[in-house]
Amino acid sequence: MTLSEAFLWPGTKACERLGVDPEGEAGLIRWMVNTLVYLVLSLLVVWFVVV
């Protein structure tokens, strides 16, 4: 597994569960899932650093 595959893993797994190809037109779905996952993780990190 390459580094890029590791970063895209949450969205890829979500696309697989939905039954769509993450490399095709569903790339936007993968992008959205990855954005939401990493947004939540980043907000948690900032929250714990500040508090």
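Here the residue numbers are simple positions, counted from 1 along each chain's written sequence. Selection of residues for local features in this predicted model requires a pLDDT of at least 70, selection of side-chain atom pairs for listing and counting requires 80 or more, and totals for whole chains, interfaces and linings are taken over all residues. Note that the side-chain values use all heavy atoms of the structure and ignore hydrogens as well as water.

## Thoughts on the packing of aromatic side chains
Turning to step 1, where the next piece is worked out: Centres within 6.5 Å are what make two rings of Phe, Tyr or Trp a pair, Trp counting through its six-membered ring; a difference in plane orientation under 30 degrees is then read as stacked, over 60 as edge-to-face, and the rest as tilted. On inspection of all chains with the given rule, the structure shows one aromatic pair.
Turning to step 2, where the next piece is worked out: On the basis of an interplanar angle of 70° and a centroid distance of 6.4 Å, the ring pair of Phe7 and Tyr38 is categorised as edge-to-face. Placement of Phe7 in helix H1 (residues 3-18) and of Tyr38 in helix H2 (residues 27-50) is noted, with a sequence separation of 31 residues between them.
Turning to step 3, where the next piece is worked out: For every residue, the accessible area obtained with a 1.4 Å probe (protein chains only) is divided by the maximum for its type, and the residue is called buried under 20%, exposed over 50%, and partly exposed between those limits. Under the relative-accessibility criterion, Tyr38 is labelled partly exposed at 31%. A run of H or I in DSSP becomes a helix once it reaches four residues, and a run of E becomes a strand once it reaches two; helices and strands are each numbered from the N terminus.

## Digging into the UniProt feature "transmembrane region" (unreviewed entry) in the protein chain
Turning to step 1, where the next piece is worked out: UniProt positions are given in the numbering used here, feature names are shortened, and annotations may be inferred rather than shown by experiment. The UniProt record marks residues 28-50 with the feature "transmembrane region" (unreviewed entry), using the residue numbering of this structure.
Turning to step 2, where the next piece is worked out: Structurally, residues 28-50 comprises 100% helix and 0% strand, and the distance from its first C-alpha atom to its last is 32 Å.

## Digging into H1
Turning to step 1, where the next piece is worked out: Taking 1.5 Å as the rise per residue, H1 with 16 residues should run 22 Å; its terminal C-alpha atoms sit 24 Å apart, in good agreement.
Turning to step 2, where the next piece is worked out: Bend angle per residue: angle between axes fitted to the 7 residues ending at that residue and the 7 residues starting there. Within H1, the axis deviates most sharply at Trp9, by approximately 60°, and proline Pro10 lies no more than four positions further along.
Turning to step 3, where the next piece is worked out: Those residues of H1 that fall on the buried side of the exposure criterion are Pro10, Gly11, Thr12 and Cys15.
Turning to step 4, where the next piece is worked out: Packed against the buried residues of H1 are H2. To estimate the expected span of a helix, subtract one from its residue number and multiply by 1.5 Å. When checking whether two residues touch, look at their non-hydrogen atoms; a contact exists if any pair is within 4.5 Å.

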